[in-house]
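Breakdown of the fold
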Amino acid sequence: MRHLAQDLRFAVRSFRRAPVFTAVAILSLALGIGANTAIFTLIDQLILRLLPIQDPARVVILAGRGRHYGGNNGRNALAYPMYQDLRDRNPVFSGMMCRYRLSPTVTIGAHSEVIGGELVSGNYFPLLGIRPAIGRLFTAGDDLHAGEHPYAVLSYAFWQARFAGDPQIPGQTIRVNNYPVTIVGVSQRGFDGLEPGLPAGIFVPMAMAAAVRPGFTEMFDRRQRWVNVYGRLKPGVGMEQAKAGLQPLFHQIIEMEVRQPAFRNATSYDKEQFLRMWLNVMPGSQGNTNLRRQYQTPLLVLMAVVGLVLLIACANMAGLLTARAAARQKEIAIRLAMGSSRGLMIQQLLTESVLLAAAGGAAGIGLAMVMAKGLLGFLPTALTGYNIRSTPDLPMLAFTSGLALVTGIAFGLAPALQSTRPDIAPTLKDQAGNIMGGAQVGFRKALVASQVALSLLLLIGAGLFIRSLANLRSIDPGFQTANLIQFAVSPRSIGYTSAQTQEFYKRLRQRLETLPGVRAAGLSQMTALNGNEWDNSVTIEGYQPKRGEDIDPHRNDVTGGYFDAVGMHILAGRDFSVRDDLGAPPVAIVNARFARRYFADGAAVGHRIGFGSDPGTPTNIEIVGVVNDTRYESLRDEIPLEVYTCSAQRSFIDQRTAYVRTLHDPESAFAAIRATVHELDANLPILNLKTVDRQLDESLINERLIATLSSVFGALATALAILGLYGVMSYMVTRRSREIGIRMALGAGSRSVLWLVMQEVLVLVVAGIVVGLPAAYGLTRVVQSQLYEIAGSTDLVTMGLSSLLLAGVALFAGFVPARRAASYDPVRVLRYE
């Protein structure tokens, strides 16, 4: 420890005497470590982190797999009666619970806002081991009788944000979707529900589902899957054992269901496939969230990218330390000659490298916070409620500290070992350049070649991602996104009946169309380009599907004026009109692909369809029009079959997205739209008011995230590699100055000296490219799923341009020291001899 303290003091003094070396080394490591910390901060929160619950490894999620007969609402969902059967009769769990995510309008006094929430069974909190911060949490007794438990539990974060931590909150009444509920308690700090990144501010008993979900009638419908079911494994029971133990019970239940009246019209094929279903058991320690599935691949790709940047930064550090050690050969030889041990010398050099790495890690934390905030800027505006933090917490600080320590030791060890084995006598005679130069220069050349290879890898990757994004942006979605605004409202959430909701939407559309600068307005149940779809099986009059063929087009419910507002075209027939109301014969409009698929020559107008696939399904809906094809779910997806129904003919209607086509800058109409909605009802929240161009950008978030950041990190990696190349060539020119002087004294011209140095540069660049191209080929095969319309796994244009760009920049960096060498005055150089 005494020697370590001395080494630390000596390292600090030596760094002060070499400020340029110190600044370059620390900056290189700060960039590499900061980028890795920023990406890992998001990976930890979105992908790796376990739920803050008791013994999370024992919690599992259940989901049916196979062909379900009925509807689905959400991912990994089961019917509520199925949950009850499994809860009461399973042999493998010590307890089970279920939940459903909702986004209710919560009214506190006169203020209404839409927040995240969960409908939960009474045993939700006990099974998870969550304790109350104040008051009490739900128990099994709070979930016995439908509609008789009007209670709510708040999350700790929501309690602090909206009630300033008021200890008197238990007993107060608020309204959830206009239904009064009494707050009974606050959950423990840090628990925000079972969807990481999507915080739940309020929890309501499952028994109150119908009360807080206006129009909800699916609670006990076995054909409707909508709740997420969790179980806690009994001691000694593993997931595979639980899966095997649940199958007999699950098949007993579905065999009972297939005999119920709901299956009376099902075909033998549907029944056969339904009975082949099985129950899957999956880890539940990280909850059930689409965020992990959505961002896992791009974040892991970016983690690999910044990992390569860190490798390049570390190679730079190793090169700098090697050059520094070469310059200190005489000092090291003197200390060894005076009796210092090689072990103490290695310890001193490692202390210096670790100290540099620690300083780089500390600076990297500051950079990581800035970078992470920039990463959060890529998230869609709809995700502003996500509880994702940009500030590194304790796990992140541990990650950064470990990264800095490993970097300091791993990349400081080789120079330390190499520089502490000098031939003392020749070194003390000032011949270090001849004695020590070869090995160290070879090591630095290898580092530079590897940096060039890694930089080429990142540049090619960035080029492929940029081309993929450009390919997606060039796709025509089938409607005009320019000068188009979207926003959502949900009158049902504040107590409107279906009839009142219909009237509200009618008045809203009329008011929007009269706003200055507005050309058209319409409403839709589905929101374009947000990744969601509504599938509905269809029976077509006169069409006999093949065995096993499913006719399940995407469905959307729209008002008149919708197609004009979004810029779609009526190709045949007519649009919905005011006469298509609840009392009129039902009508539908299909897209061109649907018409071509099921009708001769695409002549769909006048034909009839019905929703449902069972034999005998009435086909009472007349097709009155055909519109052009669109990609409303995602630009990546194939054009779907689509059926549009008339919103005015629906007896039940809930949240709708309004589309407003403007003549001028769409954002200038935002204030008028807000005023219009609030004039109709001041208590109605406006959701996701934005341009459709912004929605389009958000739909490509993964592609934009990868393309932008891989370009930034690719440029950074190239800069670091070029810095390394410049450093090694400058060092070589300095070390070989006497040789160059002699050559010039013997008649060598400036061009021959220039070519002498540039040959070395070419060798390093070509070696890096030769290594980098096969690695890039392998990388593009790995990330092929993130690319769009890139031929196979290679793109010769991107690879060629990236190689030429890197070679050009690298040759320029090498030209600077080569030019300096060519301008040497041999008299001045040889005078030192």
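No experiment lies behind these values; they were computed from the predicted model shown.

Digging into the overall build of the protein
In terms of helices and strands, the protein carries 24 helices and 25 strands. Across its three principal axes, the protein shows a C-alpha extent of roughly 105 × 60 × 55 Å. Put simply, the protein has 833 residues, and 54% of those count as buried. Across the protein, every contact between residues at least 6 apart in sequence was considered, and the portion connecting residues at least 24 apart equals 81%. Taken as a whole, the protein presents about 35400 Å² of accessible surface, with 57% of it coming from carbon and sulfur.

Comments concerning the packing of helix α3 (residues 80-89) against helix α7 (residues 239-257)
It is the contact of α3 with α7, at a shortest axis distance of 11 Å, that shows an interaxial angle of 140°. Taken together, the axes of α3 and α7 are oblique relative to one another. Here α3 runs over α7; the crossing is right-handed. On α7, the residues touching Met 82, Asp 85, Leu 86 and Arg 89 of α3 are Leu 249, Phe 250, Gln 252, Ile 253, Ile 254, Met 256 and Glu 257. Looking at the contact of α3 with α7, its residues break down into 7 nonpolar, 1 polar and 3 charged.

Thoughts on the side chain of Ser 802
Inspection of the secondary structure puts Ser 802 in helix α23 (residues 796-822). We classify Ser 802 as buried; its relative accessible area is 8%. Excluding anything up to four places from it in sequence, Ser 802 contacts Leu 456, Leu 459 and Ile 460.

Thoughts on α3
Of all the positions in α3, only Tyr 80, Pro 81, Met 82, Tyr 83, Asp 85 and Leu 86 are classed as buried. Where α3 is buried, its residues meet β1 (59-65), β3 (93-102), β13 (228-233), α7 and β14 (278-283).

Some details on the packing of helix α2 (residues 19-48) against helix α11 (residues 342-376)
Two elements in contact, α2 and α11, have axes separated by 6 Å at closest approach and are oriented at 45°. One way to sum up the angle between α2 and α11 is to call them oblique. As α2 packs across α11, the resulting crossing turns out to be right-handed. Among the residues forming the contact of α2 with α11, the class breakdown is 21 nonpolar, 6 polar and no charged.

Quick look at the pattern of salt bridges
A complete count under the given rule lists 26 salt bridges for this structure. In this structure, the salt-bridge partner of Arg 67 is Asp 270, at a minimum N-O distance of 3.1 Å. Here the residue Arg 67 occupies a position in the loop between β1 and β2 (71-72), and Asp 270 occupies one in helix α8 (residues 268-274), the gap between them amounting to 203 residues. The shortest N-O distance in the salt bridge between Lys 690 and Glu 698 comes to 2.8 Å. Each member of the pair Lys 690 and Glu 698 is classed as buried. Taken together, the salt bridges that share partners define one network made up of Asp 85, Arg 222, Arg 223 and Glu 257.

Section: the environment of Phe 479
Topologically, Phe 479 is positioned in the loop between α14 (432-473) and β15 (484-489). Residue Phe 479 is classed as buried on the basis of its relative accessible area, which comes to 8%. C-alpha of Phe 479 to C-alpha of Asn 556: the two residues are 77 residues apart in sequence and 15 Å apart in space. Setting aside residues no more than four positions away along its own chain, Phe 479 makes contact with Ala 528, Leu 529, Val 566, Gly 567, Met 568, Thr 630, Arg 631 and Val 692.

Brief notes about unusual backbone geometry
Positioned with a positive phi, Leu 529 is a non-glycine residue whose angle comes to about 60°. Position of Leu 529 among the secondary structure elements: in the loop between β16 (518-524) and β17 (538-540). The buried category is assigned to Leu 529, whose relative accessible area is 1%. Even without being a glycine, Asp 601 presents a positive backbone phi close to 60°. Relative to the elements of secondary structure, Asp 601 occurs in the loop between α17 (592-598) and β21 (608-611).

Notes on the nonpolar core
By size, the foremost hydrophobic cluster in this structure holds 99 residues, and its most contacted members are Phe 563, Tyr 644 and Leu 725. Sorting elements by how many residues they give to this core places helix α20 (residues 701-735) first, with 15 residues. When neighbours within four sequence positions are excluded, Tyr 644 is seen to be in contact with Asn 556, Val 558, Tyr 562, Phe 563, Met 568, Phe 576, Ala 588, Ile 589, Val 627 and Thr 630.

Considerations on a nonpolar patch on the surface
Residues Tyr 726, Phe 812 and Val 816 make up a contiguous nonpolar surface patch of about 290 Å² in total accessible area. Looking at the secondary structure, you find Tyr 726 in helix α20.

Brief notes about the packing of aromatic side chains
Inspection of the entire model under this criterion finds 25 aromatic pairs. On the numbers, 5.1 Å between centres and 80° between planes, the contact of Tyr 543 with Tyr 598 is edge-to-face. Taken together, the residues Tyr 543 in the loop between β17 and β18 (554-558) and Tyr 598 in helix α17 connect sequence positions 55 residues apart. With a relative accessible area of 25%, Tyr 543 lands in the partly exposed category.

Some remarks on a negative patch on the surface
Residues Glu 533, Asp 535, Asp 552, Asp 637 and Glu 638 make up a contiguous surface patch of negative charge. The topology assignment puts Glu 533 in the loop between β16 and β17.

Comments concerning the pairing of strand β24 (residues 656-662)
Each regular strand displays side chains that alternate between the two surfaces of the sheet. Across the 7 residues of β24, 7 count as buried, placing the element largely inside the fold. What you see with β24 is no split at all: Arg 656, Ala 658, Val 660 and Thr 662 on one side and Thr 657, Tyr 659 and Arg 661 on the other are buried throughout. Pairing analysis gives 6 bridges linking β16 to β24, with the strands arranged antiparallel. Considered in β24, the bridge of Ser 524 is made with Thr 657.

Quick look at the environment of Tyr 80
Residue position: Tyr 80 is located in helix α3. Taking the relative accessible area as the measure of exposure, Tyr 80 reaches 3% and is therefore buried. It is 9.8 Å that separates the C-alpha atoms of Tyr 80 and Met 206, two residues lying 126 residues apart in sequence. Apart from the residues lying within four places of it in its own chain, the contact partners of Tyr 80 are Cys 98, Asp 143, Met 206, Met 219, Phe 220, Trp 226 and Val 227.

Here we look at the environment of Leu 279
Relative to the assigned elements, Leu 279 resides in strand β14. What makes Leu 279 buried here is its relative accessible area of 0%. Separated by 215 residues in sequence, Leu 279 and Gly 64 have C-alpha atoms that sit 4.6 Å apart. Ignoring any residue separated from it by four or fewer positions in sequence, one finds Leu 279 in contact with Leu 62, Ala 63, Gly 64, Leu 78, Leu 86, Lys 243, Leu 246, Gln 247 and Phe 250.

Re the confidence of the model for the protein
Averaged over the protein, the pLDDT score is 86; the fraction of residues at 70 or greater is 92%. Low pLDDT (under 50) marks residues 431-437, which in the prediction has 13 contacts with non-local residues, meaning those over four places away or in another chain.

Overview of the side chain of Asn 556
The topology assignment puts Asn 556 in strand β18. With relative accessibility at 3%, the residue Asn 556 sits in the buried group. Those residues in contact with Asn 556, other than ones at most four positions away along the chain, are Ser 524, Gln 525, Met 526, Trp 534, Tyr 562, Val 643, Tyr 644 and Thr 645.

Here is what the cut-offs are and how they apply
Sequence order as written defines the numbering, with residues in each chain counted from 1. Owing to the predicted nature of the model, reporting of local features is limited to residues with pLDDT of at least 70; listing and counting of side-chain atom pairs is limited to 80 or more, with chain, interface and lining totals taken over all residues. By convention in this description, side-chain values take in all heavy atoms of the structure and omit both hydrogens and water. Counting from the N terminus, the helices are the DSSP runs of H or I reaching at least four residues and the strands are the DSSP runs of E reaching at least two. Burial status follows relative accessibility: with a 1.4 Å probe on protein chains alone, a residue under 20% of its type maximum counts as buried, one over 50% as exposed, and anything between as partly exposed. Only heavy atoms matter for contacts: two residues are in contact if any of them lie within 4.5 Å across the pair. Per-residue and other accessible areas follow the Shrake-Rupley method at a 1.4 Å probe size, with only the shown protein chains counted as cover for residues. The convention used is that axes are lines fitted to C-alpha atoms, helices contributing only their stretch in contact, and that angles between N-to-C directions extend from 0 to 180 degrees. The labels follow the angle: roughly parallel below 35 degrees, roughly antiparallel above 145, roughly perpendicular from 65 to 115, and oblique for the rest. By definition, turning the near helix anticlockwise from the far helix through less than a right angle yields a left-handed crossing, and turning it clockwise yields a right-handed one. Residues are grouped as follows: Ala, Val, Leu, Ile, Met, Phe, Trp, Tyr, Cys and Pro are nonpolar; Asp, Glu, Lys and Arg are charged; every other residue, Gly included, is polar. Counted as salt bridges are all cases of a side-chain nitrogen of Lys or Arg within 4 Å of a carboxyl oxygen of Asp or Glu. Here, nonpolar core refers to any group of buried Ala, Val, Leu, Ile, Met, Phe, Trp, Tyr and Cys residues whose side-chain atoms link them within 4.5 Å. Grouping into patches uses exposed residues only, defined as over 30% relative accessible area, and leaves out salt-bridged ones; the cut-off is 9 Å for like charges and 5 Å for nonpolar side chains (Val, Leu, Ile, Met, Phe, Trp, Tyr). Pairing of aromatic rings covers Phe, Tyr and Trp, the last counted by its six-membered ring, and requires centre-to-centre distances within 6.5 Å; plane angles under 30 degrees mean stacked, over 60 mean edge-to-face, and any other angle means tilted. Think of it this way: Lys and Arg go in the positive column, Asp and Glu in the negative one, and His and the chain ends go nowhere. A charged residue contributes its charge at one atom only: NZ of Lys, CZ of Arg, CG of Asp or CD of Glu. Any two strands between which DSSP finds at least two bridges are classified as paired. On a scale of 0 to 100, pLDDT captures the predictor's confidence in every residue.

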